[in-house]
Amino acid sequence: MPEKSAADIGKEAAARAAIALVEDGMRVGLGTGSTAAVMVRLLAERARAEGLALRCAATSQATADLASGLGLAIEALDDIGWLDLTIDGADEIDPDLHLIKGGGGALLREKIVAAASDRMVVIADQDKVVERLGMFHLPVEVIPFGWETTCRHVKSVLDEHDLAQRPVLVRRRDEQPYRTDEGNFILDLALEEICEPASLSRALNAIPGVVENGLFLNICSLALIGRHDGTMAELRRDPHELGEAEADE
Ligand code: 5RP
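Fair warning: this is a prediction, and the values are worked out from it, not measured in the lab. (Residues numbered from 1 in each chain as written. Predicted model: local features only at pLDDT ≥ 70, side-chain atom pairs only at ≥ 80, totals over all residues. Heavy atoms only, no water.)

1. Topic: the packing of aromatic side chains
Centre-to-centre distance and the angle between the planes together describe a pair of aromatic rings.
Turning to step 1, where the next piece is worked out: All told, the structure shown has one aromatic pair when counted by the stated rule.
Turning to step 2, where the next piece is worked out: An angle of 75 degrees between the planes, with centres 5.9 Å apart, marks the rings of Trp147 and Phe185 as edge-to-face. Here Trp147 is found in helix H6 (residues 147-160), whereas its partner Phe185 is found in strand S11 (residues 185-189), with 38 residues between them in sequence.
Turning to step 3, where the next piece is worked out: For Trp147, a relative accessible area of 21% puts it in the partly exposed group.
Turning to step 4, where the next piece is worked out: For Phe185, a relative accessible area of 6% translates into the label buried.
Turning to step 5, where the next piece is worked out: Over the ring of Phe216 we find Lys101; its NZ or CZ atom is 5.7 Å from the centre of that ring.
Turning to step 6, where the next piece is worked out: The aromatic ring of Tyr178 is capped on one face by Arg171, whose charged end is 5.6 Å from the ring centroid. (Phe/Tyr/Trp six-rings, centres within 6.5 Å; stacked < 30°, edge-to-face > 60°. Helix = DSSP H or I, 4+ residues; strand = E, 2+ residues; numbered from the N terminus. Buried < 20%, exposed > 50% of the residue type's maximum accessible area, 1.4 Å probe, protein only. Lys NZ or Arg CZ within 6 Å of the ring centre and 35° of its normal.)

2. Topic: the sheet that holds strand S13 (residues 215-216)
Two pairing modes exist for strands in a sheet, parallel and antiparallel, and in both the strands are linked by backbone hydrogen bonds.
Turning to step 1, where the next piece is worked out: The three strands lie next to each other as S4-S5-S13, forming an open sheet whose pairing is antiparallel. Two strands lie at the open edges of the sheet, namely strand S4 (92-93) and S13, each paired on one side alone.
Turning to step 2, where the next piece is worked out: As paired elements, strand S5 (residues 99-100) and S13 share two bridges and run antiparallel to each other. By the bridge assignment, Leu99 is partnered in S13 with Phe216. (Pairing = 2+ DSSP bridges.)

3. Thoughts on the site of the ligand
Turning to step 1, where the next piece is worked out: Residues in close proximity to the ligand total 17 residues, the closest being Ser34, Thr35, Asp91, Gly102 and Lys128.
Turning to step 2, where the next piece is worked out: Interatomic distance of 2.9 Å between a backbone N/O atom of Thr32 and an oxygen atom of the ligand.
Turning to step 3, where the next piece is worked out: In this structure, Gly105 approaches the ligand through a main-chain N or O atom, which is 3.4 Å from an oxygen atom.
Turning to step 4, where the next piece is worked out: When the free accessible area of the ligand is taken as 380 Å², the share hidden by the protein chains comes to 90%.
Turning to step 5, where the next piece is worked out: Spatially, the ligand is embedded in the second largest pocket.
Turning to step 6, where the next piece is worked out: Every element with two or more residues in the shell around the ligand is listed here: helix H2 (34-50) and helix H5 (107-115).
Turning to step 7, where the next piece is worked out: Of the residues contributing to the shell around the ligand, the split by class is three nonpolar, nine polar and five charged. (Near = heavy atom within 4 Å. Polar contact = N/O pair within 3.5 Å; in protein donor to acceptor, adjacent residues only side chain to side chain. Areas by Shrake-Rupley, 256 points an atom, 1.4 Å probe, with all protein chains shown as cover. 1 Å grid on protein atoms, 1.4 Å probe; cavity = no way out; pocket = protein on both sides within 12 Å on 5 of 7 lines; lining within 4 Å. Sits in = over half its atoms within 2 Å of the grid points. Nonpolar A, V, L, I, M, F, W, Y, C, P; charged D, E, K, R; others polar.)

4. What about the confidence of the model for the protein?
Turning to step 1, where the next piece is worked out: In this model, the protein carries an average pLDDT of 95, and 95% of its residues clear a pLDDT of 70 or more.
Turning to step 2, where the next piece is worked out: Low confidence marks residues 239-249, where pLDDT is under 50. Its contacts with residues over four positions away, or in another chain, come to 22 contacts. (pLDDT = per-residue confidence, 0-100. Contact = heavy atoms within 4.5 Å.)

5. So, helix H1 (residues 6-19)
Turning to step 1, where the next piece is worked out: Look at H1: 20 Å from first C-alpha to last across 14 residues, which is about the 20 Å you get at 1.5 Å a residue.
Turning to step 2, where the next piece is worked out: All of the buried residues in H1 are Gly10, Lys11, Glu12, Ala13, Ala14, Ala15, Ala17, Ala18 and Ile19.
Turning to step 3, where the next piece is worked out: Where H1 is buried, its residues meet H2, strand S3 (85-88), strand S6 (120-125), strand S14 (220-226) and strand S15 (232-237). (Expected span 1.5 Å × (residues − 1).)

6. A look at the sheet that holds strand S8 (residues 168-170)
Turning to step 1, where the next piece is worked out: Read across the open sheet, the four strands follow the order S8-S11-S7-S12; overall the sheet is antiparallel. Edge positions in the open sheet fall to S8 and strand S12 (210-213), since each of these has one partner strand only. Mean inter-strand twist for the sheet, computed between neighbouring axes without regard to direction, equals 30 degrees.
Turning to step 2, where the next piece is worked out: Sheet topology note: the strand S7 (residues 138-142)/S11 ladder contains five bridges and is antiparallel. Across the sheet, residue Leu138 finds its bridge partner in S11, namely Leu189.
Turning to step 3, where the next piece is worked out: Relative to the sheet, H5 contacts S7, S11 and S12, its axis offset from that of S12 by approximately 65 degrees.
Turning to step 4, where the next piece is worked out: Sheet contacts for H6: S7, S8, S11 and S12; angle to S11, the most-contacted strand, approximately 25 degrees. (Axes fitted to C-alpha atoms, helices over the stretch in contact; angles between N-to-C directions.)

And the structure:
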């Protein structure tokens, strides 16, 4: 077995803490990405060992394939209707628990699933915590029809947000535009710093052709952050105050 990297140790610590929140009979949303994949494996192990009856909705085909291969019961979100808890990764997490997501291309289903959950818990290693969002490229999912026109509108929105001339990159895979599970394209916005996330998110989503953007604002209530030494930090969002509670393992 190759030695685990520091980031892998952090991801596993966060994933272990998250699956401890799952109770028998729960309806659980399963996120996408490498951290979420660790969580899915651990959850499947626990469900098998303890005989937990869980109903799960996946945020991507990749997660659905992984989870069902491990014996978790995956159902369509609409068949479950509402979820008790969604556990997902993130690309950046700021002190208000606003997130950038979509590095793995699943932002649309991830946002739909999170918005259909009583609680969204984010799991990540310590490198994902930032003071201000924006160094990670902000993914924007657009439909292929007229995407270059949509891209021009996106650039106008950036101009209006003092983000003129920031690169807008079409995500590619195997030299073709990357396709999401919905068959859409992704534009990655290299913004460096997002000063007005709510206004930017609204303006991007108002463009015809934009399906969704990767800013997750006021959706996550708890972030479980795994440090590279295997210890944990919890970032909680409270309507009145934000606190950091240490919970060393
Ligand atoms: C996928 C996502 C992922 O949650 C995000 O990219 C984090 O992935 P990883 O855990 O591999 O760093 O938003 O669309």
